[in-house]
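# Tertiary structure, described
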Amino acid sequence: MTPLYIIPARGGSKGIPHKNIKPLGGRPLIAYAIKNARIAGADDTHIILSTDDPAIADTARTLGLPVPYMRPAALATDTAGSRELILDVMDWADTQCIEYDCVVLLQPTSPFRTSDDILEALKLYTPHTDMVVSVTECASNPYYNVFETTPDGYLHISKGDGLITRRQDAPKVWEYNGAVYVINPDSIRSLPMGAFSRRIPYVMPPERSVDLDTPADWLVAEAMLAANQSLQQTF
């Protein structure tokens, strides 16, 4: 299997300004994703940083990663979707005669993902799969403690009959954690990712599922690193 690794790093982050190159544990955030891909076996030709920001591109170059591709401005807005940027990178890779048989999307905002997470997700992938996606168990469960409101304003359980009284008795539910997406190139060319019917979960524990979206998330990540030196060495 020959993956094409895509690391999306738009310059216009609002929740955490300049987060993709903000130092975490002494390293710019994008360094974690680049290292993950390399340890998973990727050569630099197959690691494509998708950024519109020269500062992010320069930071990647200081890490030894060439940045021959720059994201078009039209795909660097708040409304641009992941599918569009993936397709643009695939089209560019095709013009460069870069061969690949699957796409691995590594968001920089998942710094505690490991290269083993990538390799285990790749093991689950087959050409008959639309996508293997990393998930973690939801803290809230629609069978137990997630509610909706009726038209007259009353709460009712989102799923089931509302009679489950212990979380352990509720069916497990999962959420994407944003760490690893292994995508079938043919599937994403023909369908939006939300329409994929053949999605396989790769389960990750909560401690490796931190997704940096807000300043509070960043504080949590820094605290985790400070409290666990072995965690820093792992990543």
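Criteria and cut-off values
For every chain, the first residue of the written sequence is number 1, and numbering continues from 1 along that sequence. Reporting of local features is limited, given that this is a predicted model, to residues whose pLDDT is at least 70; pairs of side-chain atoms are given and counted only at 80 or more, and all residues count toward the totals for whole chains, interfaces and linings. Excluded from the side-chain calculations are hydrogens and water; all other atoms, namely the structure's heavy atoms, are used. Within this document, salt bridges are pairs made up of a side-chain nitrogen of Lys or Arg and a carboxyl oxygen of Asp or Glu, the two lying within 4 Å of each other. In this description a helix means any DSSP run of H or I spanning at least four residues, a strand means any run of E spanning at least two, and both kinds are numbered starting from the N terminus. Relative accessibility decides the category of a residue: with a 1.4 Å probe and only protein chains considered, values under 20% of the type maximum give buried, values over 50% give exposed, and everything between is partly exposed. Read the arc as the range of directions from the helix axis to the C-beta atoms. Should DSSP find at least two bridges between two strands, the strands are taken to pair. Lines fitted to the C-alpha atoms define the axes, with helices restricted to the stretch that makes contact. Angles between their N-to-C directions range from 0 to 180 degrees. The contact definition used throughout considers only heavy atoms, calling two residues in contact when any of these lie within 4.5 Å. Think of a polar contact as two N or O atoms within 3.5 Å of one another; within protein, one of them needs to be a possible hydrogen donor and the other a possible acceptor, and neighboring residues in sequence only count if both atoms come from side chains. Two aromatic rings from Phe, Tyr or Trp, using only the six-membered ring of Trp, form a pair when their centres are within 6.5 Å; if the ring planes differ by under 30 degrees the pair is stacked, by over 60 it is edge-to-face, and anything between is tilted. Two limits define a charge over a ring: the Lys NZ or Arg CZ must be within 6 Å of the ring centre, and within 35 degrees of the ring normal.

The subject of this paragraph is the pattern of salt bridges. Close approach of charged atoms lets side chains of opposite charge pair. All chains considered together, the criterion is met by eight salt bridges. Salt-bridge contacts for Arg189 lead to Asp94; the nearest nitrogen and oxygen are separated by 2.9 Å. Here Arg189 is found in helix H5 (residues 185–190), whereas its partner Asp94 is found in helix H3 (residues 82–95), with 95 residues between them in sequence. Among the residues examined, Asp94 registers a relative accessible area of 38% and is labelled partly exposed. With a closest N to O distance of 3.0 Å, Asp169 and Arg166 form a salt bridge. Residue Asp169 is classed as partly exposed on the basis of its relative accessible area of 45%. Residue Arg166 is classed as partly exposed on the basis of its relative accessible area, which comes to 43%. Salt bridges sharing common partners tie together Asp91, Asp94 and Arg189.

Quick look at helix H4 (residues 115–124) now. Taken residue by residue, H4 has Ser115, Asp117, Ile118, Ala121 and Leu122 as its buried positions. One face of H4 carries all of its buried residues, which in axial projection span an arc of 155°. With respect to the buried face of H4, the exposed residues turned more than 90 degrees away are Asp116 and Lys123.

Time to look at the pairing of strand E6 (residues 131–137). The buried fraction of E6 is high, at six of seven residues. Note that E6 and strand E9 (residues 174–183) share six bridges and pair antiparallel. Residue pairing for E9: Val135 is matched across the bridge by Tyr176. Direction of pairing for E6 relative to strand E10 (residues 199–203): parallel, over a ladder of five bridges. Looking across to E10, one finds that Ser134 is bridged to Tyr202.

What follows deals with the sheet that holds strand E4 (residues 47–50). Reading across the sheet, the six strands line up as E4-E1-E5-E9-E6-E10 and stay open at both edges, with mixed pairing between neighbours. Looking at strand neighbours, the two that pair on one side only are E4 and E10, the edges of this open sheet. Each strand axis lies, on average, 35° off the axis of its neighbour in the sheet, ignoring direction. Seen against the sheet, H4 touches strand E1 (3–8), strand E5 (102–105), E6, E9 and E10 and runs at an angle of roughly 150° to E10.

Here we come to the environment of Asp130. Among the secondary structure elements, Asp130 is positioned in the loop between H4 and E6. When the C-alpha positions of Asp130 and Ser187 are compared, they lie 5.6 Å apart, and in sequence the two are 57 residues distant. If we skip the residues at most four places from it in the chain, Asp130 touches Val182, Ile183, Asn184, Ser187, Phe196, Ser197 and Arg198. A distance of 3.2 Å separates a polar atom in the side chain of Asp130 from the backbone nitrogen of Ser197. Only 2.8 Å separates the side chain of Asp130 from the side chain of Arg198, close enough to count as a polar contact.

The next thing to look at is the side chain of Asn177. Relative to the assigned elements, Asn177 resides in strand E9. Once you skip the residues sitting within four places of it in the chain, Asn177 turns out to touch Ser110, Ser134, Val135, Thr136, Met204, Ser209 and Asp211.

All right, on to the packing of aromatic side chains then. According to the stated counting rule, one finds two aromatic pairs in the structure shown. Note on Tyr176 and Tyr181: the rings are 6.0 Å apart at their centroids and 80° apart in plane angle, and the pair reads as edge-to-face. The partly exposed category is assigned to Tyr176, whose relative accessible area is 39%. Taking the ring centre of Trp218 as reference, the NZ or CZ of Lys22 above it sits at 5.3 Å.

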